[in-house]
Amino acid sequence: MDLKSKILAGERIDFEEAMSLYEMDFFELGALANSIREEKHGKKTYFNINRHINPTNICADVCKFCAYAANRKNPNPYTMTHEEILKTVDETVARGVKEVHIVSAHNPDTGLDWYLEIFKKIKTKYPDLHVKALTAAEVDFLARHYNKSYGEIIDLMLENGVDSMPGGGAEIFDEEVRDYICKGKVTSEQWLDIHQKWHERGKQSNVTMLFGHVEKREHRIDHMMRIRELQDKTGGFNAFIPLVYQTENNYLKIENPITANEVLKTMAIARIVLDNVANLKAYWVTSTVNLALVAQEFGANDLDGTIEKESINSAAGAKSAHGVDLEEFVGLIKNSGFTPVERDSVYNEVKTW
Ligand code: V47
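Computed from a predicted structure; not experimentally measured.

**Q** So what's going on with the pattern of salt bridges? Which residues, and what values?
**A** A full pass over the atoms with the stated rule returns 25 salt bridges. Among the ionic pairs, Glu28 bridges to Lys4, the shortest N-O distance being 3.2 Å. Here Glu28 is found in helix H3 (residues 26–41), whereas its partner Lys4 is found in helix H1 (residues 3–8), with 24 residues between them in sequence. For Lys4, a relative accessible area of 31% corresponds to the partly exposed category.

Structure follows, in structure tokens:
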């Protein structure tokens, strides 16, 4: 059976086969990914009404790609108080937002309670608000800094009301590339171990991949294969989120930024390789809204959400600092021929717009 027939028959493909998809005709590859998308989700494109909160940018780790952490290139350190975070949440809930996505840098000076108790305060006030918080990189930092096991930090997250984990900090799992771009941060094995432990407690999470920097195609495929392997064991990943590297204000010097063609091919291949992950998110923040709309025809069935305010990717050049207007967002999805379906944070459908 040739590769195309194999994919259409729903059979799993291996590393070499996935690599060879990069050589396939661009539109043929898109059509293959689209057929899987349509089989799984029809014309539905999911999004949610969410708000990102990034409470501190002071970081003990140094990632070359990061423009968010306070450093020589970004000398504006800040740490929000719990009162400030709660005020933001109050305003957010009043506007109808249903998820807060709380991710910080690795601040060694706040104490463990500052990281964890805010979730309890939010949950006590708003039991129905979904709290998506703490990347595996933060979990690893807190465990190391406060001498706790991953299991202990995870149990504290659960006790304090964290509902799901975001997919940040995965970057690229290949050890050599990872050492070059973010040495000293959570390792690939640890990242996967933390998510496995989270899934084993019956909870769900996402998984990202930062690409378009120094990595090669084979590193992306390797990254996807490691995700697929863990997902076979736990089934806990809701969505795969390829993050396109943003080039500004950071210490990675990339001569030739990735092309839209390569981004779309990578999305399509991810849709084909990750046969056991239900959702592929085109994160408009890093891909631009326009390319995210096109990605709907290359396997993507999720466009994240309205976001309201975003600090991590916008620090590196993304045009996401103020989120996107809900009506406009829905209109764009409709005009591109898809059906905007508002979802909750774990992909239950809320409303078809
Ligand atoms: O882990 C940092 C990335 C991530 C840059 O789980 C950069 O639903 C591009 O993980 N260029 C944080 N990316 C964001 C994240 C995320 C976003 C949306 C949804 C979800 C989810 C997760 O941002 C970091 C890092 O990989 N990042 N610097 C940069 N220069």
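**Q** Provide a residue-level description of the site of the ligand, including the pertinent values.
**A** Neighbouring the ligand are 23 residues, the closest being Lys132, Gly167, Gly169, Glu171 and Gln246. At 2.9 Å from an oxygen atom of the ligand is found a side-chain nitrogen or oxygen belonging to Asn206. Between the ligand and Gln246 there is a distance of 2.8 Å, counted from a nitrogen atom to a backbone nitrogen or oxygen. Relative to its free-state accessible area of 620 Å², the ligand is covered by the protein chains to the extent of 96%. Assessed atom by atom at 2 Å from the grid points, the ligand resides in the largest pocket. Among the elements of the structure, strand E5 (205–211) and strand E6 (237–244) are those that each provide at least two residues to the shell around the ligand. Of the residues in the shell around the ligand, the class split is ten nonpolar, nine polar and four charged.

**Q** Residue-level account of helix H4 (residues 82–94), with values.
**A** The first and last C-alpha atoms of H4 sit 18 Å apart over 13 residues, in line with the 18 Å expected at 1.5 Å per residue. For H4, the complete set of buried residues consists of His82, Ile85, Leu86, Thr88, Val89 and Thr92. Looking down the long axis of H4, one finds its buried residues gathered within 155 degrees of arc, a one-sided arrangement. Opposite the packed face of H4, turned more than 90 degrees from it, sit the exposed residues Glu83, Lys87 and Ala94. Where the residues of H4 are buried, they touch strand E2 (50–53), strand E3 (99–102) and helix H5 (112–125).

Rules and cut-offs
Residues numbered from 1 in each chain as written. Predicted model: local features only at pLDDT ≥ 70, side-chain atom pairs only at ≥ 80, totals over all residues. Heavy atoms only, no water. Salt bridge = Lys/Arg side-chain N within 4 Å of Asp/Glu carboxyl O. Helix = DSSP H or I, 4+ residues; strand = E, 2+ residues; numbered from the N terminus. Buried < 20%, exposed > 50% of the residue type's maximum accessible area, 1.4 Å probe, protein only. Near = heavy atom within 4 Å. Polar contact = N/O pair within 3.5 Å; in protein donor to acceptor, adjacent residues only side chain to side chain. Areas by Shrake-Rupley, 256 points an atom, 1.4 Å probe, with all protein chains shown as cover. 1 Å grid on protein atoms, 1.4 Å probe; cavity = no way out; pocket = protein on both sides within 12 Å on 5 of 7 lines; lining within 4 Å. Sits in = over half its atoms within 2 Å of the grid points. Nonpolar A, V, L, I, M, F, W, Y, C, P; charged D, E, K, R; others polar. Expected span 1.5 Å × (residues − 1). Arc of directions from axis to C-beta. Contact = heavy atoms within 4.5 Å.

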